[in-house]
Amino acid sequence: SVYGYMATPATEVDEPKPMTEYARNKLEGEDIVFAHEDAMDVVAVRSATCCGPALRMRLDTIINAFSASAYFDKMITVHGGDQYRTNLHVQDATDFYIQCLEAEGELINGEAFNITAGNNTAIELADMVTRYIPSKVSIDESRKDSRHYMMDGSKAKRILGWTPTWSLNEAVIDNYRWFAAGHIKDHRDPLWHNTLRM
């Protein structure tokens, strides 16, 4: 979110252009932490949107939202469809944090790293979900979202040798199993939606 709208995948050297208060606060947090890089090893992890099950998973992020709609409603509504989103299985995110904790300081101190499993359009993600959770897809052009969020994660691979090992397909399958096991009773409960909850 610190990059804002990007027409091409953002790299860590691209100038951040946060568009929301949330994104501005994230970038300000990086600046605060980086001011202490002489006293300790600090790193900024710019994660793609995490997907997959968690104890307090979010159902307001694109893959999780589509998975929940497909499972509970048998219908996915896509607003527009050609907007890009970048995603990452939550297990890959936790693995990367562990790798940073174990990394040599000179490799990470004062650095920012994008971590992502790739960039896909909303309609591509909806179609992917329907391969594992049978449902219909409806396109709503009246609420089209023209923002694109894309990231390049090659720096993490180049410097730390990190690449995602969990696919987005696995996130959808894991979501299906999570729902089927009864971990979420009401997918519309504000508990699973940050904006509604706040």
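These numbers come from a predicted model, not from an experiment.

Each value, and the rule that gives it
- Residues numbered from 1 in each chain as written.
- Predicted model: local features only at pLDDT ≥ 70, side-chain atom pairs only at ≥ 80, totals over all residues.
- Heavy atoms only, no water.
- Salt bridge = Lys/Arg side-chain N within 4 Å of Asp/Glu carboxyl O.
- Helix = DSSP H or I, 4+ residues; strand = E, 2+ residues; numbered from the N terminus.
- Buried < 20%, exposed > 50% of the residue type's maximum accessible area, 1.4 Å probe, protein only.
- Pairing = 2+ DSSP bridges.

1. Some details on the pattern of salt bridges
In the structure shown here, the tally under the stated rule is five salt bridges. A salt bridge links R24 to E21; the shortest N-O distance between them is 3.3 Å. Here the residue R24 and the residue E21 both occupy positions in helix 1 (residues 21-34), the gap between them amounting to three residues, near one helical turn. Its relative accessible area of 39% is what places R24 among the partly exposed residues. Between E30 and R46 there is a salt bridge, with its nearest N and O atoms 2.7 Å apart. Separated by 16 residues along the polypeptide, E30 in helix 1 and R46 in strand 1 (residues 43-47) bring together distant segments of the chain.

2. As for the pairing of strand 5 (residues 111-115)
Most of strand 5 sits out of view: four of its five residues are buried. The pairing of strand 1 with strand 5 spans five bridges and is parallel. If you follow S47 over to strand 5, its bridge partner there is I115.

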